[in-house]
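Inside the fold
This is what each chain is made of:
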Amino acid sequence: MVHSLLFVHHRTVMWFARMSFKAHRTMCTTSQTKIYRNGPDQILPTTSLKTWHPDGAVKLQISEEEIKTAPPISVYTLLHKRASKNPKALALAAKKDGKWKYWTYKDYFDESRTAAKAFIKLGLERFHGVCIMGGNAPEWVIANFGAIFAGGLSAGVYPTSTPEACRYLADNCKAQILVVEDKVCLDRFLAVKDSLLNVKAIVQWSGSPGGAGVVSWDDLMDMGKAEPEDELNERLSLAAVNQCCYLTYTSGTTGPPKGVMCSQDNLTYVGDLYRKNNKNEFGKERLVSFLPLSHIAAQVVDIYTCITILGELHFAEPDALKGSLGKTLVEVEPTGFMGVPRVWEKIYESLMRAGTQAPMYKKILAKWAKQHGLNYYQGILEHRKLSVYERVCHSLAKKLVLDKIKEAIGFGKLRQCVSVAAPVDDYLLEYFLSLDIPVVNVYGMSENITVCAFSYAEPGRFKIGSCGKIAPQIQVCIKDIPGHTPGEGEIIMKGRPVCMGYLGMPEKTHEAIDDEGWLHSGDVGHFDEDGFLYITSRIKELIITAGGENIPPVVIEEKIKKELPFISNAMLIGDNKKYLSLLLTLKAEVDENTAESLPELTPYCKRVLKRIGCEAQTVAEALDEVENNPSGPLASLIQEGIERYNSNHAISNAQKIQKWRLLPADFSTYTGEYSSTLKLKRFYVLDKYKDVIDSMYSVPC
């Protein structure tokens with residue numbers, strides 16, 4: 001009875017307080033802090049350029065001109081504007097039971113508000129986390145907006161995360177709501193449920209709820225629809241564009257993952273930057289969402305840029321990377337496409353397989369067409385004007401062959417492809433250029449919401465091997481590193497895209513962002529004479545040999561893979577050693593469910609080995625061939641490639657490779673060598689293959 005009376009008294013006090021606040025929607029002072037109630041587009045006053053507190057605010061790095069031309073707007077306002085002005089425009093599409101289901105922008109906005117009201121009902125407090133785990137789907141993005149509208153912190157969790165990783169993320173953001181796709185994702189959290197002290201509710205959007213008390217998506221929507229608007233509107237009035245609304249977690253290659261704090265302005269501003277720098281057309285773009293939405297690049301492009309340009313976002317099916325992605329691309333015909341290197345490799349291998357099965361006359365015609373396709377882009381790269389003959393041949397090549405290939409794989413309407421997460425091998429870039437499918441590298445990182453350098457397939461806008469030119473809206477400098485070539489150093493950047501800091505990590509925040517707001521990327525790079533940015537290594541990845549030589553491993557590794565294109569990974573060894581050595585893996589098939597590397601070699605790798613007389617079909621057979629026949633065809637092929645690197649690319653004796661070993665399996669996220677964002681976890685590999693490495697240094701060269 002006493003508890004009930006206290007609860008009624010609390011509700012009464014809150015009602016009077018709310019009415020009082022509504023009477024003057026300006027500023028109210030309490031004994032502890034000032035409460036500003038001009039949201040959701042307000043900017044809270046602060047002089048700090050960084051924070052690690054969940055409710056902290058930062059000073060926006062915005063010019064007077066930008067205040068006029070690109071005024072800060074909230075995530076709520078961005079979606080609300082689209083829903084108000086273009087309510088019937090197609091926003092989302094996903095296959096349900098084999099048929100496309102569609103959401104208009106009005107549906108998108110209304111369901112996001114409904115989810116927000118339901119989350120509040122379930123107990124979500126401001127600046128507490130809502131962890132979202134599952135494949136890309138309308139429910140993922142609606143839950144994301146629901147969390148933000150309600151004043152929470154949306155936090156994406158990779159579907160491949162272990163139970164311990166799930167526990168860590170939920171604890172870091174003090175998650176009160178978990179939104180999962182299915183029982184598989186649910187079980188990852190249930191495995192550590194005793195440690196999830198803040199969680200108040202779990203929502204499952206696909207299938208029947210997999211545990212007691214788990215809320216279905218339909219029930220969540222019904223719950224939200226039954227709630228009044230007052231509390232949600234109250235929270236929106238408190239929202240500010242310079243406070244955190246989304247957390248993207250780093251890969252954890254050098255320690256525990258860090259929660260990168262993204263403000264509302266970070267996300268809406270960067271979404272518009274992609275529009276400006278990629279020349280997107282308003283109301284005419286179609287995208288296919290399949291890269292994990294937990295990745296900041298997918299988050300920005302699939303959600304914020306798509307809304308900014310009134311685009312259509314079509315979700316690939318869950319088995320996209322097992323084969324259905326190609327079918328989705330053909331059905332949707334996207335105007336833009338974003339992939340990671342592994343996706344480009346799979347498309348390349350598929351097209352190569354199809355080419356080997358074509359009749360001889362088609363092979364000859366295709367070879368001719370690709371030559372002229374590549375020649376066209378080489379002309380762009382070299383700023384060379386094509387002759388009349390070259391232009392005629394290119395037009396014929398497009399009409400007779402290249403356009404048909406593009407239509408067959410769903411790229412008929414495509415204007416540009418972007419590669420993220422890691423650099424694409426040059427041979428792949430050249431191959432796609434020959435098909436009139438320009439794939440360009442871009443450069444960014446979670447801490448600057450993926451924005452730094454852009455490329456575009458136009459004269460003066462891209463170079464193979466470069467990640468493009470700096471976006472005009474951000475400042476970038478090269479900070480000298482002692483012992484490095486003049487002009488090469490750490491890339492530091494400043495501007496509105498720079499994140500707020502790392503949640504709950506003051507030391508790491510200060511390490512990454514200095515007091516003037518410069519973000520220290522940890523990436524080593526340089527500019528060429530035309531202003532193109534090249535990334536050469538990571539500072540923490542630099543190898544310092546026993547002789548004191550600084551060696552950038554990524555540059556050497558990429559050159560080795562170019563000499564030996566059947567090699568999947570080449571990891572350089574030599575820190576505090578007298579000479580350099582290499583760990584090599586062959587290209588192998590991948591289990592698309594687990595991302596585990598399989599024993600079977602890829603078709604391309606098999607073809608290369610067969611040409612030299614090696615009949616190996618699996619990694620184990622290839623390893624046996626090398627170990628039992630060190631002067632045999634495969635070992636000789638690898639050694640010849642390394643010698644070519646030593647002769648043509650090593651700029652000093654210290655950069656020459658003396659020894660190498662072939663490993664028994666390719667690297668993967670499943671076995672731990674790669675992070676969830678496909679970054680190589682070098683320390684993990686060094687520990688895992690310590691005995692192999694020691695064997696290369698037990699006997700001097």
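See the structure above.
Now for a look at the structure at hand. (Residues numbered from 1 in each chain as written. Predicted model: local features only at pLDDT ≥ 70, side-chain atom pairs only at ≥ 80, totals over all residues. Heavy atoms only, no water.)

Look at helix H4 (residues 105-121) against helix H9 (residues 230-238): their axes get within 9 Å of each other, and the N-to-C directions meet at 100°. Of the possible angle classes, the one that applies to H4 and H9 is roughly perpendicular. Residues Arg113, Ala116, Lys117 and Ile120 of H4 pack against Glu231, Leu232, Asn233, Arg235 and Leu236 of H9. Split into classes, the residues belonging to the contact of H4 with H9 amount to four nonpolar, one polar and four charged. (Axes fitted to C-alpha atoms, helices over the stretch in contact; angles between N-to-C directions. Helix = DSSP H or I, 4+ residues; strand = E, 2+ residues; numbered from the N terminus. Parallel < 35°, antiparallel > 145°, perpendicular 65-115°, else oblique. Contact = heavy atoms within 4.5 Å. Nonpolar A, V, L, I, M, F, W, Y, C, P; charged D, E, K, R; others polar.)

Our focus in this paragraph is the packing of helix H13 (residues 341-356) against helix H16 (residues 426-434). Running from N to C, H13 and H16 point in directions that differ by 55°, and their axes come no closer than 11 Å. By the angle between their directions, the pair H13 and H16 is classed as oblique. Both H13 and H16 take part in a crossing whose hand is left-handed. On the side of H13, the interface is formed by Trp344, Glu345, Ile347, Tyr348, Leu351 and Met352, while H16 contributes Tyr427, Leu428, Tyr431 and Phe432. Each residue belonging to the contact of H13 with H16 can be placed in one class, and the counts come to nine nonpolar, no polar and one charged. (Left-handed = near helix turned anticlockwise from the far one by under 90°.)

By the criterion of burial, strand S11 (residues 259-263) is predominantly enclosed, with five of the five residues buried. Residues Gly259, Met261 and Ser263 of S11 are buried on one face, and the alternating residues Val260 and Cys262, pointing to the opposite face, are buried as well. Of the pairings in the sheet, the one linking strand S10 (residues 244-249) to S11 comprises five bridges and is antiparallel in character. Bridge pairing in S11 places tyrosine 246 opposite cysteine 262. (Buried < 20%, exposed > 50% of the residue type's maximum accessible area, 1.4 Å probe, protein only. Pairing = 2+ DSSP bridges.)

All right, on to the pattern of salt bridges then. Between side chains of opposite charge, a pair can form when the charged atoms approach closely. Enumeration according to the criterion identifies 34 salt bridges in this entry. Here lysine 463 ties to aspartate 528 by a salt bridge, and the two come within 2.8 Å at their closest N and O atoms. Highlighted residues: lysine 463 in the loop between strand S17 (453-454) and strand S18 (469-470) and aspartate 528 in the loop between strand S22 (519-527) and strand S23 (533-538), separated in sequence by 65 residues. The burial state of lysine 463 is the same as that of aspartate 528; both residues are buried. Put simply, glutamate 557 and arginine 682 hold a salt bridge, and the shortest N to O gap is 2.8 Å. (Salt bridge = Lys/Arg side-chain N within 4 Å of Asp/Glu carboxyl O.)

Judged by nonpolar contacts, the single largest core of 163 residues is most densely connected at Tyr108 and Phe566. Of the residues forming this core, the biggest block, nine residues, is contributed by helix H11 (residues 296-308). Grouped together as the second largest cluster of nonpolar side chains are 27 residues, Phe127, Met133, Val192 and Met500 included. (Core = buried A, V, L, I, M, F, W, Y, C linked by side-chain atoms within 4.5 Å.)

Take it as geometry only, folks, not as evidence of what the structure does.
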